[in-house]
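Chain by chain, the residues:
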Amino acid sequence: MHTLKRIDVISLFPEMFSALEYGITGRAIRNELIELVITNPRAFTQDKHKTVDDRPYGGGPGMLMKVQPLRDAILSIKQTLGEHEAASVSKKKTKVVYLSPQGQPLTQNIVKDLSESKQLILIAGRYEGIDERLIEHYVDYECSIGDYVLSGGELPAMVLIDSLIRLIPDALGHNESALEDSFYSGLLDHPHYTRPEVLAIKDGDRENVAVPDVLLSGNHKKIAQWRLKQSLGRTWQRRPDLLTERQLSKEEQELLQDFIQEQKESNKREL
Ligand SMILES: C[S@@+](CC[C@H](N)C(=O)[O-])C[C@H]1O[C@@H](n2cnc3c(N)ncnc32)[C@H](O)[C@@H]1O
């Protein structure tokens with residue numbers, strides 16, 4: 001069940017999070033469906049230069065984020081949330097998540113799991129990352145947005161926040177539904193069409209491309225069936241790995257077989 005009420009982010013660049021002020025995320029924050037609080041660890045430094053980074057032991061290029069400002073930022077947020085440092089993992093309402101290329105690759109299932117925490121504290125790293133001891137002792141979960149390296153954890157944190165906000169009941173308008181998004185049911189989304197009904201294009205022999213008839217039929221049962229078949233077919237074509245992780249019902253198996261058959265026939269016609 002979705003229980004997330006507040007997300008704290010620890011970042012050296014709080015201004016970057018203004019990107020979340022737009023669209024669905026902005027509306028959810030303004031309507032107080034979620035509280036988003038950004039804390040700059042620089043506010044917790046103890047020297048006059050407000051130093052948050054230092055050289056790595058053992059040498060090598062780049063700098064690392066020091067433990068002390070990050071730790072004090074985490075503890076201060078936990079105190080505001082009424083949680084003690086010593087709380088056992090099972091009693092903790094707050095999960096500390098470090099966005100890191102070395103973390104678990106983010107999936108819709110992980111987003112769902114995280115949306116079941118009451119509060120999250122996200123840490124956006126900078127430089128070459130953060131001192132390992134902070135990760136070992138203060139981080140509950142490490143999460144990556146993909147096998148590539150960015151300059152900071154702000155964009156990954158925003159990716160996670162956006163995907164979490166989509167799951168808040170009432171965050172999406174009447175015409176939008178997270179239930180139909182790709183991955184929600186373990187399948188990719190079906191194709192979508194809007195006006196015009198016939199699109200004039202010049203693509204090889206084709207001059208006009210019409211919306212599939214079934215979508216104009218007004219028959220909701222048939223439309224739902226067509227959409228499910230397209231979802232299954234797309235997943236089979238583009239992400240077969242998702243199908244091996246998901247049990248298909250008898251109806252779904254039949255629809256997928258239909259899709260594969262139609263695909264074979266259309267390939268034959270094109271030869
Ligand atoms: C330049 S990266 C550090 C990379 C680190 N030296 C490594 O190779 O694991 C700086 C920060 O960006 C964030 N970051 C970069 N790529 C990321 C990814 N794919 N997923 C999540 N966070 C990422 C992390 O917060 C990281 O601390």
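Not measured: the values here are computed from a predicted model. (Residues numbered from 1 in each chain as written. Predicted model: local features only at pLDDT ≥ 70, side-chain atom pairs only at ≥ 80, totals over all residues.)

1. Here's the deal with the sheet that holds strand S7 (residues 141-144)
With respect to topology, 5 strands assemble into an open sheet ordered S2-S1-S6-S5-S7, the strand pairing being parallel. Every interior strand has two partners, whereas the edge strands, strand S2 (35-39) and S7, have only one. For this sheet the average axis-to-axis angle between neighbouring strands, irrespective of direction, equals 30°. In this structure, strand S1 (residues 6-10) lies alongside S2, joined through 5 bridges in parallel fashion. (Pairing = 2+ DSSP bridges. Helix = DSSP H or I, 4+ residues; strand = E, 2+ residues; numbered from the N terminus. Axes fitted to C-alpha atoms, helices over the stretch in contact; angles between N-to-C directions.)

2. A closer look at the packing of helix H6 (residues 220-238) against helix H8 (residues 250-270)
As a packed pair, H6 and H8 sit with axes 9 Å apart at the nearest point and diverge in direction by 70°. In terms of their interaxial angle, H6 and H8 are classed as roughly perpendicular. Counted together, Gln225, Leu228, Lys229, Leu232, Gly233 and Trp236 of H6 and Glu252, Leu255, Leu256, Asp258 and Phe259 of H8 form the full contact between these two elements. Here the residues of the contact of H6 with H8 are counted per class, giving 6 nonpolar, 2 polar and 3 charged. (Parallel < 35°, antiparallel > 145°, perpendicular 65-115°, else oblique. Contact = placed C-beta atoms within 7 Å. Nonpolar A, V, L, I, M, F, W, Y, C, P; charged D, E, K, R; others polar.)

3. Re the site of the ligand
The local shell around the ligand holds 19 residues, among which Leu99, Pro101, Gly125, Gly153 and Pro156 are the closest. Of the residues forming the shell around the ligand, the biggest block, 4 residues, is contributed by strand S5 (residues 94-105). Grouping the amino acids of the shell around the ligand by side-chain chemistry returns 8 nonpolar, 9 polar and 2 charged. (Near = placed C-beta within 6 Å.)

4. Considerations on the nonpolar core
A general trend in soluble globular proteins is that nonpolar side chains are found buried together. Formed by 38 residues in total, the largest nonpolar core has its most connected members in Leu99 and Leu122. For this core, the secondary-structure elements that each account for two or more residues are S1, strand S4 (64-65), helix H2 (67-80), S5, helix H3 (108-114), strand S6 (119-124), helix H4 (132-138) and helix H5 (154-166). Per-element tally for this core: the top contributor is H5, with 6 residues. (Core = buried A, V, L, I, M, F, W, Y, C linked by C-beta atoms within 7 Å. Buried ≥ 20, exposed ≤ 12 C-beta atoms within 10 Å, placed from the backbone.)

5. Regarding the pairing of S5
One ladder, built from 6 bridges, connects S5 with S6; its direction is parallel. Directly across from Val96, in S6, lies its bridge partner Ile121. Here S5 pairs with S7 via 5 bridges, running parallel. Note that in S7 the partner of Val97 across the bridge is Tyr141.

6. Digging into the environment of Ile7
With respect to the helices, strands and loops of the structure, Ile7 is situated in strand S1. Linking Ile7 and Thr94, residues 87 residues apart in sequence, is a C-alpha distance of 9.4 Å. Once you skip the residues sitting within four places of it in the chain, Ile7 turns out to touch Ile34, Leu36, Leu120, Leu122 and Ile161.

7. So, the packing of helix H1 (residues 23-30) against H5
Between H1 and H5, the least distance of the axes is 10 Å, while the angle of their chain directions is 70°. With respect to each other, H1 and H5 are oriented roughly perpendicular. As H1 packs across H5, the resulting crossing turns out to be left-handed. Facing H1, whose interface residues are Ile24, Thr25 and Ala28, H5 presents Ile161, Asp162, Ile165 and Arg166. By residue class, the composition of the contact of H1 with H5 is 4 nonpolar, 1 polar and 2 charged. (Left-handed = near helix turned anticlockwise from the far one by under 90°.)

8. Description of H8
The end-to-end C-alpha distance of H8 is 31 Å, a good match for the 30 Å that 21 residues give at a rise of 1.5 Å each. With respect to burial, H8 is a largely exposed element, only 1 of its 21 residues being buried. (Expected span 1.5 Å × (residues − 1).)

9. So, the environment of Lys202
Residue position: Lys202 is located in strand S8 (residues 198-203). Residue classification places Lys202 among the exposed residues on the basis of 8 C-beta atoms within 10 Å. Residues Lys202 and Asp189 lie 13 residues apart in sequence; the distance between their C-alpha atoms is 27 Å.

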